[in-house]
Amino acid sequence: MKILLGMVSYGNFKFTKLALESVKNTSSYPVDFFVVNGKNSDVETTSYLQENNIPFILHAENKGFPASINDIYDYAWKENDYDYLIIMGNDVIAYPDSIDK
């Protein structure tokens, strides 16, 4: 079973990091991550994603939420073959077992 968690970020690195780590720390399944960063000046998020080998797209300009969701769909199903896709905002903290259920 292949699970992808797709996230759209626009700055707010602290929130993005907390959200990703909450999934890592609460899921009993292996979950891959993919992040669309809509703020090209957000160096903190980009550095964190690179350091943690998390695939991402950095938009040169703010394309908005719908375009970012399309990028996540493309990554999950056109470029890869994931069974499940979870789309999560960067302002969400996963409770224990929430990803598993």
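Residues numbered from 1 in each chain as written. Predicted model: local features only at pLDDT ≥ 70, side-chain atom pairs only at ≥ 80, totals over all residues. Heavy atoms only, no water.

**Some details on the overall build of the protein**
Looking only at helices and strands, the protein has 3 helices and 4 strands in total. Here the C-alpha atoms of the protein give a radius of gyration of 13 Å, agreeing with the 13 Å that 2.2 N^0.38 yields for 101 residues. Here the C-alpha coordinates of the protein stretch approximately 35 × 30 × 25 Å along the principal axes. In the protein, which comprises 101 residues, the share counted as buried stands at 42%. In the protein, of all internal contacts separated by at least 6 residues, the share reaching a separation of at least 24 is 68%. (Helix = DSSP H or I, 4+ residues; strand = E, 2+ residues; numbered from the N terminus. Rg over C-alpha atoms; globule rule 2.2 N^0.38 Å. Buried < 20%, exposed > 50% of the residue type's maximum accessible area, 1.4 Å probe, protein only. Contact = heavy atoms within 4.5 Å.)

**Thoughts on the environment of Asn-12**
With respect to the helices, strands and loops of the structure, Asn-12 is situated in the loop between strand E1 (3–9) and helix H1 (13–26). For Asn-12, a relative accessible area of 48% corresponds to the partly exposed category.

**Details of the sheet that holds E1**
Taken together, 4 strands build an open sheet; the order of strands is E3-E2-E1-E4 and the sheet is parallel. The sheet is open, and its two edges are formed by strand E3 (56–58) and strand E4 (84–89), each paired on a single side. Taken pair by pair, the neighbouring strands of this sheet meet at an average axis angle of 15 degrees, ignoring direction. In the sheet, strand E2 (residues 31–37) pairs with E3 via 3 bridges, with the strands oriented parallel. Its bridge partner lying in E3, Val-35 is registered against Phe-56. Sitting on the sheet, H1 touches E1, E2 and E4, and the angle it makes with E1 is about 170 degrees. (Pairing = 2+ DSSP bridges. Axes fitted to C-alpha atoms, helices over the stretch in contact; angles between N-to-C directions.)

**Quick look at unusual backbone geometry**
If you check the backbone angles, Asn-53 has positive phi at about 55 degrees while not being a glycine. Within the fold, Asn-53 resides in the loop between helix H2 (43–51) and E3. The phi torsion at Asp-97 lies on the positive side, around 70 degrees, for a residue other than glycine. What makes Asp-97 partly exposed here is its relative accessible area of 40%.

**Here we look at a nonpolar patch on the surface**
Together, Met-1, Tyr-29 and Tyr-84 make up an exposed nonpolar region whose accessible area comes to about 350 Å². By relative accessible area, Met-1 is classed as exposed at 57%. (Patch = residues over 30% accessible without salt bridge, like charges linked within 9 Å, V, L, I, M, F, W, Y side chains within 5 Å. Areas by Shrake-Rupley, 256 points an atom, 1.4 Å probe, with all protein chains shown as cover. Salt bridge = Lys/Arg side-chain N within 4 Å of Asp/Glu carboxyl O.)

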